[in-house]
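Next come the chains, spelled out residue by residue.
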Protein chains: 2
Amino acid sequence: MDNRPIGVFDSGLGGLSCVKEIMSIMPGEDVIYFGDTGRVPYGSRSQETLMKYVRQDIRFLRSFDIKMIIIACGTASSAVLPWIGDELDTKIMGVVQPASKKAVESTKNGRIGILGTAATVKYGKYVEDIKKLNPDAQVFQKACPMFVPLVENGYMDSEVTEIIAREYLEEIRKKDVDTLILGCTHYPILKDVIQKIMGDEILLIDSGATAAHSAYEFLKSTGMLNDKTTGEYKYFVSDSTEDFAKLGSMFLSKPICEDVGKIDIERY
Amino acid sequence: MDNRPIGVFDSGLGGLSCVKEIMSIMPGEDVIYFGDTGRVPYGSRSQETLMKYVRQDIRFLRSFDIKMIIIACGTASSAVLPWIGDELDTKIMGVVQPASKKAVESTKNGRIGILGTAATVKYGKYVEDIKKLNPDAQVFQKACPMFVPLVENGYMDSEVTEIIAREYLEEIRKKDVDTLILGCTHYPILKDVIQKIMGDEILLIDSGATAAHSAYEFLKSTGMLNDKTTGEYKYFVSDSTEDFAKLGSMFLSKPICEDVGKIDIERY
């Protein structure tokens, strides 16, 4: 038993799709969430910049006494995971490996699609992880750089989002994939429009939710689950806190009633 | 005569709409351009964050021996201009005052519209400046938060841009304005679609280009124009330099052939 909180971070709101799943499957866990809203989006940054940002994000979360960190951001997970194991003693988990594993276990025809930010597609970590688990898998990636701005501006269910989504999905629809990884944690909020375009028979994998399941397995197997019945949630951002609660509640499908703290992430 | 370069900065690519005009009306001037691509977009940041960013941007440009600085960014001009005059000895000019002046001089019916980022609309500096020059002017603002991501992702001339633009312009079209300030320096690249929706009789004011004209007037009146015939251009960004030349050439309507330098803006 370990009643310390789980640290979760993302470039902005997307990581809340992971928190939502934690609330559902591990309702007793305390969570400290950091959304780097002062530096969102991550998907268009260089690897050097991302490495710096992620180091700071981790340093901030480690300023609390936490038991593990989930990098609930596809871009950050893709850009930095190689060095993480060596550098830190806190257990750190990204979203790439759990989603890749689930995709390999789920696909029937061995054809898997991946949607991600420009950086995620460039680093190709999902492809690498899938190929490690099944060298015969056929993998198709597509960068969807407008999805994060659309979501962060509240265009969830609009004509514009559908037009852009159709454009992005056109190629991948022709590839006969039966499994599609939503490789950025912002994308599950566009799940309905993506499912509509891809068709109901395609399995969509929510990378944030899948990471929450992996975290649960890890905590359970190591005896580190919390023994409380109701968890506490603390939210921090690196810019104005005004819109976070409002937009964030759409990700969680319930209101954020806690105070949201603002920090200067460059100090970490 | 003063042959030192002019410093120009923006959150990203938008300020190049000002550089384009400098090239046209002051072809002998040297320009040092900084695009803060590592921290774009500015339009959704808090004032505190913007103040910090702009101080750093100015410190970087002042590390060169420059004769003046143009803040070629509507958001940065709106958020920080109040303190600038007192703090620095370098001449600094934003885009708000020149565009407001031109709008007041141009309008026939006294009804002026302003398009800007969320932050620009919130700070209301265009409205303030226009009202100072003509207290009877009727001014209507509209925040267009998706325009910068659309431009930075190359959606210049697409169905999606037109749908979003129609949405944003709907209210302001009903206000019977005859003059519309493009209050963010990214927006001139969407001029065709905005003009199409607003109608040919509406005067669109390009805030970046107008600032270049004000800079010309200032340099001429103080005898500080460069006496060369061909200027030199240096470009710096705070993130990957890869896409800058490609997208930037659309703003300049000519290729960027110079090397683009990458700097760590947090060091300034």
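Fair warning: this is a prediction, and the values are worked out from it, not measured in the lab.

## A short note on the nonpolar core
So, point 1. With 76 residues, the main nonpolar core has B:V8, B:C18, B:I70, B:I71, B:A72, B:F147 and B:I181 as its most contacted residues.
So, point 2. If you count residues domain by domain, this core takes at least three from each of domain 1 (6–94 + 209–267) and domain 2 (97–207) of chain B.
So, point 3. Not counting the four nearest positions on each side in its chain, B:A72 is found in contact with B:V8, B:F9, B:D10, B:G14, B:G15, B:C18, B:V95, B:T185, B:G208 and B:A211.
So, point 4. Membership of the second largest hydrophobic core comes to 75 residues, among which are A:A103, A:A212, A:L219 and A:Y235.

## A short note on the domain arrangement of chain A
Residues and elements named next belong to chain A.
So, point 1. Per the domain assignment, the segments of chain A are domain 1 (6–94 + 209–267) and domain 2 (97–207).
So, point 2. Distance between the C-alpha centres of domain 1 and domain 2: 21 Å.
So, point 3. On the side of domain 2, 24 residues touch domain 1, which itself brings 30 residues to the contact.
So, point 4. Listed by contribution, the elements that provide at least two residues to the side of domain 1 that touches domain 2 are helix 1 (16–25), helix 3 (74–87), helix 10 (207–221) and helix 11 (242–252).
So, point 5. Residue classes in the side of domain 1 that touches domain 2 are distributed as 15 nonpolar, 13 polar and 2 charged.

## As for the sheet that holds strand 8 (residues 203–206) of chain A
Residue and element names in this part refer to chain A.
So, point 1. What the 4 strands build is an open sheet, ordered 6-5-7-8; its pairing is parallel. Bordering the open sheet on either side are strand 6 (138–143) and strand 8, each of which pairs with just one other strand. The average angle at which neighbouring strand axes cross in this sheet is 20 degrees, direction not considered.
So, point 2. Sheet analysis places strand 5 (residues 111–116) next to strand 6, joined by 6 bridges and oriented parallel. Looking at strand 6, one finds that G116 is bridged to A143.
So, point 3. Across the sheet, helix 10 lies against strand 7 (179–182) and strand 8, angled at about 65 degrees from strand 8, the strand it touches most.

## Some thoughts on the packing of helix 1 (residues 16–25) of chain B against helix 11 (residues 242–252) of chain B
All names here are of chain B.
So, point 1. Look at helix 1 against helix 11: their axes get within 8 Å of each other, and the N-to-C directions meet at 55 degrees. It follows from the interaxial angle that helix 1 and helix 11 lie oblique. The two elements helix 1 and helix 11 meet at a crossing, and its hand is right-handed. Each of L16, S17, V19 and K20 in helix 1 lies in contact with helix 11, whose residues at this interface are G248, F251 and L252.
So, point 2. Among the residues making up the contact of helix 1 with helix 11, the classes are represented as 4 nonpolar, 2 polar and 1 charged.

## Describing the relation of the copies chain A and chain B
So, point 1. Least-squares fitting of chain A to chain B yields an RMSD of 0.0 Å, with the superposition described by an axial translation of 0.0 Å and a rotation of 180 degrees. The transformation relating the two chain copies, once decomposed into turn and shift, fits a two-fold axis.
So, point 2. A shared interface surface links the copies, since 100% of the contact residues of chain A are contact residues in chain B too.

Cut-off values and rules
- Residues numbered from 1 in each chain as written.
- Chains lettered and ligands numbered in written order.
- Predicted model: local features only at pLDDT ≥ 70, side-chain atom pairs only at ≥ 80, totals over all residues.
- Core = buried A, V, L, I, M, F, W, Y, C linked by C-beta atoms within 7 Å.
- Buried ≥ 20, exposed ≤ 12 C-beta atoms within 10 Å, placed from the backbone.
- Domains from an automatic or database assignment.
- Contact = placed C-beta atoms within 7 Å.
- Helix = DSSP H or I, 4+ residues; strand = E, 2+ residues; numbered from the N terminus.
- Nonpolar A, V, L, I, M, F, W, Y, C, P; charged D, E, K, R; others polar.
- Pairing = 2+ DSSP bridges.
- Axes fitted to C-alpha atoms, helices over the stretch in contact; angles between N-to-C directions.
- Parallel < 35°, antiparallel > 145°, perpendicular 65-115°, else oblique.
- Left-handed = near helix turned anticlockwise from the far one by under 90°.
- Least-squares fit on C-alpha atoms with pLDDT ≥ 70 in both.

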